[in-house]
Every structure is written in C-alpha cells, then in structure tokens.
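Remarks on the overall topology
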Amino acid sequence: AQSVSQHNHHVILSEAASLELGCNYSYGGTVNLFWYVQYPGQHLQLLLKYFSGDPLVKGIKGFEAEFIKSKFSFNLRKPSVQWSDTAEYFCAVLDTASKLTFGTGTRLQVTL
Amino acid sequence: DTGVSQDPRHKITKRGQNVTFRCDPISEHNRLYWYRQTLGQGPEFLTYFQNEAQLEKSRLLSDRFSAERPKGSFSTLEIQRTEQGDSAMYLCASTSWDRGRGYTFGSGTRLTVV
C-alpha cells in the first residue's frame, strides 16, 4: 500500500527565509505526486503536481518541488517565504484508482 | 466552474443520532471522493464514485457509514448512530477523467459529536 511521510510537523520561518519541506513516499506503481496547501479556514488547494517529464516542477505562488526517484522524495521549496504563506502543506501520492494518499501535513508559520 | 460545494459547513449532533452530508461536485467531473480529516492528520480516503457507481470503500468506512451518488451528480454521506470518534472534517473532492488535473476539494463539513 502507498504511504507518504512528512517529517517536519511544524516549521517556523522569518519572512524572506528559504523553505524546504520534506516528503517521502512509498508506492510501487507509476508515481504521481502532489502538494496541496490549506490556508487557515480555507479548503485544500493544489500547489503543484508531478506526473512525468522534468523532475523539477514549478507551481503557483513561487513554489517548486523536485522529484528524486532514487530517494523516493518530492520536497517542496520556495526561495523566499512571505507571511501569506502561513498555512498547512500536504504531500500526496496518487494510486492507479486515482485515490490520493496524504501525509500528515506540515504547519508552516511565517513571522514578520 | 463554481467549485465543489458541501453542506452543511458545521454539524453538531448528539451521540447516537444519524447525520447526512451533501456534496455537489463540479458539474463536468465524473469522479467524486470522500475523505475524512482529523486534527493533526492529513485527509484519509473513505470512498469514491465514478458517475453513480461506488467503486471503492476504505476499511475506515464502517457499516454505519453509507454513501450514495444518485444519477452521478451530487453525493450524500450518511453516518448512522454517530460516535464521538466520528468527530472530524469530512471533505469531498471531484475530478474529471483527466487525472492530470488533480482534485478540486470542497470546504468540508465539520462534524462534532457530543
């Protein structure tokens, strides 16, 4: 069965700091990976996705993620965070039935 | 594209009561999913439909839970004889046959069982 691990449960950064959130997956099939963001009081929104091709994926709001097959990783990065990036971030893997399996999430707090 | 709508937004019920939630997906999406999210956890898959057919149910979905999607449009999730452990956010998501689009999630229904 597929699984996703997010080891950083709570991250606190100052504005303008660089961000990297870890995501490791376990899945035996073709890997399709996602990052979702949940801003306070809002619904889950898609940040970016990887299906095939270039392993460096660019998403909305300046986020990017790199798929490293040998490390089973799909880490999320942003060079300079803003206060408005305060949210919870979820990594997810898609299986052949199009079911998403999510990690436990990382709560990002950006301070001014 | 009006998004995925869920109703109600909040539901407080007494233990033992039945509750029903509704999800209206994006109209052209043929797949509809239900997830449950508890505090400090990511969403967990419950069940999904392709059109009106329920194709898979998680082991998390006990016999007290039932979901329907008549006519392949809106869906309902019913929980019978609610327990305190059912307290969670229930999320609905929909997607089209093109999996590359990813899911669109609703805002969820927060259930509190007292």
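Scroll up to find the structure.
Numbering of residues starts from 1 in every chain and runs along the sequence as written. Here every chain gets a letter starting at A, and every ligand a number starting at 1, in the order they are written. Owing to the predicted nature of the model, reporting of local features is limited to residues with pLDDT of at least 70; listing and counting of side-chain atom pairs is limited to 80 or more, with chain, interface and lining totals taken over all residues. As a rule here, side-chain values come from all non-hydrogen atoms in the structure, and water together with hydrogens is ignored.

Bringing the interface of chain B and chain A into the picture now. In this complex, chain B contributes 20 residues to the contact, which on the side of chain A involves 20 residues. The salt bridge criterion pairs a side-chain nitrogen of Lys or Arg with a carboxyl oxygen of Asp or Glu, the two atoms within 4 Å. Its salt-bridge partner being E56 of chain B, residue K99 of chain A comes within 3.0 Å of it at the nearest N-O pair. Polar contacts, as counted here, are pairs of nitrogen or oxygen atoms within 3.5 Å of one another; within protein the pair requires one atom able to donate a hydrogen and one able to accept it, and residues that are adjacent in sequence qualify only if both atoms are side-chain atoms. Taken together, chain B and chain A are joined by four residue pairs in polar contact (both at pLDDT 80 or more). The numbering of helices and of strands both runs from the N terminus, where a helix is a DSSP run of H or I of at least 4 residues and a strand a run of E of at least 2. Sorting the residues of the side of chain B that touches chain A by element identifies β4 (31-37) and β5 (44-50) of chain B as the ones contributing at least two each. The element contributing the most residues to the side of chain B that touches chain A is β4 of chain B, with four residues. All amino acids are sorted into three groups, where Ala, Val, Leu, Ile, Met, Phe, Trp, Tyr, Cys and Pro are nonpolar, Asp, Glu, Lys and Arg are charged, and the leftover types, Gly among them, are polar. Looking at side-chain class alone, the side of chain B that touches chain A contains eight nonpolar, eight polar and four charged residues. The contact criterion used throughout is that any non-hydrogen atoms of two residues lie within 4.5 Å.

As a further point, take the environment of Q37 of chain B. Inspection of the secondary structure assignment puts Q37 of chain B in strand β4. Distance from Q37 of chain B to R110 of chain B, taken between C-alpha atoms, is 9.3 Å for residues 73 residues apart in sequence. Residues contacting Q37 of chain B, with those up to four places away along its chain left out, are Q38 and F90 of chain A together with G42, P43, A88, M89 and L91 of chain B. A polar contact of 3.2 Å, which involves the side chain of Q37 of chain B, links it to the backbone oxygen of Q41 of chain B.

Turning to the layout of surface pockets, a few remarks are in order. Grid spacing is 1 Å over the protein atoms alone, the probe is 1.4 Å, and a cavity is where that probe fits but cannot get out, while a pocket is an open set with protein on both sides within 12 Å along at least five of seven lines and lining residues have an atom within 4 Å of a point. Grid points are joined across faces, edges and corners, and a volume is the space filled by probe spheres set on the points. Volume-wise, the largest pocket comes out at about 520 Å³. Lining the largest pocket we find 25 residues, and of these Q38, G41, E88 and R107 of chain A together with R110 of chain B sit closest to its centre. Looking at the lining of the largest pocket residue by residue, the class counts come to eight nonpolar, 13 polar and four charged. Size it by volume and the second largest pocket reaches roughly 400 Å³. What lines the second largest pocket is a set of 16 residues, and nearest its centre among them are T101 of chain A together with E44, F45, S58 and L60 of chain B. For the lining of the second largest pocket, the secondary-structure elements that each account for two or more residues are β11 (100-102) of chain A together with β5 of chain B. When residues of the lining of the second largest pocket are assigned to their parent elements, the largest contribution, three residues, is made by β11 of chain A. Its residues assigned to classes, the lining of the second largest pocket shows six nonpolar, seven polar and three charged.

On to the sheet that holds strand β1 (residues 5-7) of chain B. Residue and element names in this part refer to chain B. Two strands qualify as a pair provided DSSP detects at least 2 bridges between them. Within the open sheet, the four strands sit side by side as β1-β3-β8-β7. Their pairing is antiparallel. Looking at strand neighbours, the two that pair on one side only are β1 and β7 (65-68), the edges of this open sheet. Adjacent strand axes in the sheet meet at a mean angle of 15 degrees, parallel and antiparallel pairs treated alike. Pairing analysis gives five bridges linking strand β3 (residues 19-24) to strand β8 (residues 75-79), with the strands arranged antiparallel. Pairing of V19 across the sheet is with I79, part of β8. Only the stretch in contact is used when fitting a helix axis, every axis being a line fitted to C-alpha atoms; angles between N-to-C directions are given from 0 to 180 degrees.

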